[in-house]
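Each chain is listed here by its residues.
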Amino acid sequence: MSTNSNFEQPTVVMGCQCALVSAGYLAIFAVAYRLLTSIWNIVGPYVLFSPIDLKKRAGAGWAVVTGATDGIGKAYAFELARRGFNVFLVSRTQSKLDETKKEILEKYQNIEIRTYSYDFTNAAVSGYQDLLAELNQVEIGVLINNVGLSYEYPEVLHKVDGGIERLANITTINTLPPTLLSAGILPQMVERKAGVIVNVGSSAGANQMTLWAVYSATKKYVSWLSGILRKEYESHGITIQTIAPMMVATKMSKVKKTSFFTPNGEQFVKSALNTIGNAADTTGYISHQLQLEVMDLIPEFIRDKILTNMSFGTRKAALRKREREAKSQ
Ligand SMILES: NC(=O)c1ccc[n+]([C@@H]2O[C@H](COP(=O)([O-])OP(=O)(O)OC[C@H]3O[C@@H](n4cnc5c(N)ncnc54)[C@H](OP(=O)(O)O)[C@@H]3O)[C@@H](O)[C@H]2O)c1
């Protein structure tokens, strides 16, 4: 008996040590893998890889851009025109569409521009059918699902500025266009076995953002939709990309001053377009990717606290500004 237990003890201790060492190596491997993935997500698409031949990948000469008369969408329209695509501008206000068309043609004469005015708060299927009938008259190689709507300022659900009408509009505008326009334009892309769809989400969809519930949730929808469509259509030769920006200086963000972390629409889009084919799901801009990767390394409960504090800070500043404006009137 005693001889047996003498042999068993070192075996058990050795077994324990072995398990601990293995767990240690696994932990080191997991941390190293996480860090390397983060570095790769920044360096790969934004430093190392050359832009793909977008025209070849698109397989057709027209690009459709929604929300094309301002901010990021307008910048996509200009940059695609610069790269030789004919552009179909879709947005709410016809006068702004006409103005954008004029501005693009003044700069790039060798392309064609068409416009279609559509208010994306209109969720009627018949409205989409009319729009798609117009769009499908041309050969579409690139579809940029960019149109989006956010809150006036962060707020808890039942107090959101604009009430349930605003919540309905955010939900409709952020989810229906990427869903229905993709469904309506994919048939011609599938037939040609080529095409590019870019769905503009937001980094707000990467976390459960307190005080941004509907915006954050709808942007999460965009990223899930894109991810699943990618699996469904990759084998058909179609590239589906999610672009999830951080802050870009546009009307929506209400930020006017650009900085290292806040590009303007043009700077942002020049970078984002170069990531097509090189990154399936990315922020679109190197400093945004850096921010996202650093945030992702922070444990979730701390990240959550930081983001919640930021939301409450933004809300406080917005309400103070409102108060000042009300007093000065
Ligand atoms: N800016 C940022 O910091 C940021 C960050 C993350 C994600 N994003 C996303 O990027 C996309 C573009 O944002 P942005 O900042 O460029 O926005 P923006 O400057 O506010 O421009 C919005 C564009 O969408 C059009 N639009 C708005 N409501 C519409 C409606 N009901 N029907 C049809 N068109 C409508 C506007 O046209 P009208 O002027 O005629 O209304 C305009 O052309 C959005 O999906 C947004 O969620 C932006």
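Scroll up to find the structure this text is about.
Residues numbered from 1 in each chain as written. Predicted model: local features only at pLDDT ≥ 70, side-chain atom pairs only at ≥ 80, totals over all residues. Heavy atoms only, no water.

Colleague: Describe the overall build of the protein chain, naming the residues involved and giving the relevant values.
Modeller: When helices and strands are counted, the protein chain shows ten helices and seven strands. Dimensions of the protein chain along its principal axes, counting C-alpha atoms only, are 95 × 60 × 40 Å. By the burial criterion, 43% of the 329 residues in the protein chain qualify as buried. When the accessible surface of the protein chain is totalled, it reaches about 17,700 Å², and 59% of it is carbon and sulfur. (Helix = DSSP H or I, 4+ residues; strand = E, 2+ residues; numbered from the N terminus. Buried < 20%, exposed > 50% of the residue type's maximum accessible area, 1.4 Å probe, protein only. Areas by Shrake-Rupley, 256 points an atom, 1.4 Å probe, with all protein chains shown as cover.)

Colleague: Any details on the sheet that holds strand S1 (residues 62–66)? Residues and values, ideally.
Modeller: Within the open sheet, the seven strands sit side by side as S3-S2-S1-S4-S5-S6-S7. Their pairing is parallel. In this open sheet, the two edge strands, each paired with only one partner strand, are strand S3 (113–117) and strand S7 (281–282). In this structure, strand S4 (residues 140–145) lies alongside strand S5 (residues 195–200), joined through four bridges in parallel fashion. Paired with Val-142 across the bridge in S5 is Val-196. In the packing of helix H3 (residues 71–82) onto the sheet, the strands contacted are S1, strand S2 (86–91), S4, S5 and strand S6 (238–243), and the crossing angle to S1 comes to about 170°. Sitting on the sheet, helix H5 (residues 125–135) is in contact with S1, S2, S3 and S4, with an inclination near 165° to S2. (Pairing = 2+ DSSP bridges. Contact = heavy atoms within 4.5 Å. Axes fitted to C-alpha atoms, helices over the stretch in contact; angles between N-to-C directions.)

Colleague: Explain the site of the ligand residue by residue, including any values.
Modeller: By nearness alone, 31 residues border the ligand, and Arg-92, Thr-93, Lys-96, Tyr-215 and Thr-250 come closest of all. Tyr-118 places a main-chain nitrogen or oxygen 3.4 Å from a nitrogen atom of the ligand. In this structure, an oxygen atom belonging to the ligand sits 2.8 Å away from a main-chain N or O atom of Val-248. Protein chains shield 93% of the accessible area of the ligand, which is 890 Å² for the free molecule. Within the residue set of the shell around the ligand, elements represented by two or more residues are H3 and helix H7 (213–233). The residue makeup of the shell around the ligand, split by class, is 13 nonpolar, twelve polar and six charged. (Near = heavy atom within 4 Å. Polar contact = N/O pair within 3.5 Å; in protein donor to acceptor, adjacent residues only side chain to side chain. Nonpolar A, V, L, I, M, F, W, Y, C, P; charged D, E, K, R; others polar.)

Colleague: Run through the pattern of salt bridges, naming residues and quoting values.
Modeller: Any two side chains of opposite charge can pair, given that their charged atoms come close. Applying the stated criterion to the full structure yields 15 salt bridges. A salt bridge links Glu-79 to Arg-83, with the shortest nitrogen-to-oxygen separation between them at 3.0 Å. Using a relative accessible area of 4% as the deciding quantity, one classes Glu-79 as buried. Take Arg-83: its relative accessible area is 23%, and that puts it in the partly exposed class. For Glu-152, the salt bridge is made with Lys-254, and the minimal N-O distance between the two is 3.3 Å. (Salt bridge = Lys/Arg side-chain N within 4 Å of Asp/Glu carboxyl O.)

Colleague: Any details on the pairing of S1? Residues and values, ideally.
Modeller: With five of its five residues buried, S1 lies for the most part within the structure. On S1, burial covers both faces: Trp-62, Val-64 and Thr-66 on one face and Ala-63 and Val-65 on the other are all buried. Where S1 meets S2, five bridges bridge the pair, whose relative direction is parallel. Counterpart to Val-64 in the pairing with S2 is Phe-88. Read from S1 through H3 to S2, the crossover connection turns out right-handed. Pairing analysis gives four bridges linking S1 to S4, with the strands arranged parallel. Along S4, the bridge assignment pairs Ala-63 with Val-142. (Right-handed = clockwise from strand over helix to strand, strands pointing away.)

Colleague: Which residues make up the pairing of S3, and what values go with them?
Modeller: Relative to S3, S2 runs parallel, the two being bridged by five bridges. Across the sheet, the residue bridging to Ser-91 is Ser-117, located in S3. Read as a crossover between parallel neighbours, the route from S2 over helix H4 (residues 94–107) to S3 is right-handed.

Colleague: Quick rundown of the packing of aromatic side chains? Include the residues and the values.
Modeller: In total, this model carries ten aromatic pairs according to the counting rule given. The interplanar angle of 55° and the centroid separation of 6.1 Å between the aromatic rings of Trp-62 and Phe-88 together place this pair among those described as tilted. Of this pair, Trp-62 sits in strand S1 while Phe-88 sits in strand S2, and the two are 26 residues apart along the sequence. Aromatic side chains Phe-120 and Tyr-128 sit 6.1 Å apart centroid to centroid with 50° between the ring planes, which places their arrangement in the tilted category. (Phe/Tyr/Trp six-rings, centres within 6.5 Å; stacked < 30°, edge-to-face > 60°.)

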